[in-house]
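# Reading the structure
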Amino acid sequence: MSRPMRSEYAIYRGEDLLAMGTAKDCAKELGVSERYIYWLASPTAQRRIATRKNPDKCIVGVSLNDDE
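Conventions used here
Numbers given to residues run from 1 along each chain, matching the order in which its sequence is written. At least 70 in pLDDT is required for a residue's local features to be given in this predicted model, at least 80 for side-chain atom pairs to be given and counted, and no such filter applies to totals for whole chains, interfaces and linings, which use all residues. The side-chain values count all of the structure's non-hydrogen atoms but skip hydrogen atoms and water molecules. Any two strands between which DSSP finds at least two bridges are classified as paired. Put simply, DSSP marks the helices as runs of H or I at least four residues long and the strands as runs of E at least two long, and each gets a number from the N terminus on. Helix axes use the C-alpha atoms of the stretch in contact, all axes being lines fitted to C-alpha atoms, and the angles between their N-to-C directions lie in the range 0 to 180 degrees. It only takes one pair of heavy atoms within 4.5 Å for two residues to be counted as in contact. Stacked, tilted and edge-to-face pairs are distinguished by plane angle, under 30 degrees for stacked and over 60 for edge-to-face with tilted covering the rest, among Phe, Tyr and Trp rings (Trp via its six-membered ring) whose centres lie within 6.5 Å. Think of it in three bands: with a 1.4 Å probe and only protein chains considered, a residue is buried below 20% of the maximum accessible area for its type, exposed above 50%, and partly exposed in between.

### What about the sheet that holds strand β3 (residues 59–63)?
- The strand order across the open sheet formed by 3 strands is β2-β1-β3, and the pairing between neighbours is antiparallel. Each edge of the open sheet carries a strand with a single partner, namely β2 (16–22) and β3. Across this sheet, the average inter-strand angle for adjacent strands is 20°, counted without regard to direction.
- Helix-sheet contacts for helix α1 (residues 23–30) involve β1 (8–13) and β2, and the interaxial angle to β2 is about 135°.

Right, dumping it as structure tokens:
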């Protein structure tokens, strides 16, 4: 799946902002792979988080360039 080169992401745990920037920037700051950042912002991840017992404690990714 192709991703836009300059997509920006915001990564949260609850209401705390953990990282913001490109997938590469966020991954470097959090010590994870870029692929994990893409996954955090995916619809699949959002559905899984919604079914968690304490979704406020989960790490969530939001794509800031999403045109949908």
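On we go from here.
### Notes on the packing of aromatic side chains
- Scanning all chains against the criterion turns up 2 aromatic pairs.
- Ring centres of Tyr9 and Tyr38 lie 6.0 Å apart, and the angle between their planes is 65°; on these two criteria the pair is classed as edge-to-face. Highlighted residues: Tyr9 in strand β1 and Tyr38 in helix α2 (residues 34–40), separated in sequence by 29 residues.
- Accessibility expressed as a relative area gives 4% for Tyr9, which makes it buried.
- Between Tyr36 and Trp39 the ring centres are 6.4 Å apart and the planes differ by 15°, which places this aromatic pair in the stacked class. Separated by 3 residues within a single helix, Tyr36 and Trp39 lie in helix α2, roughly one turn from each other.

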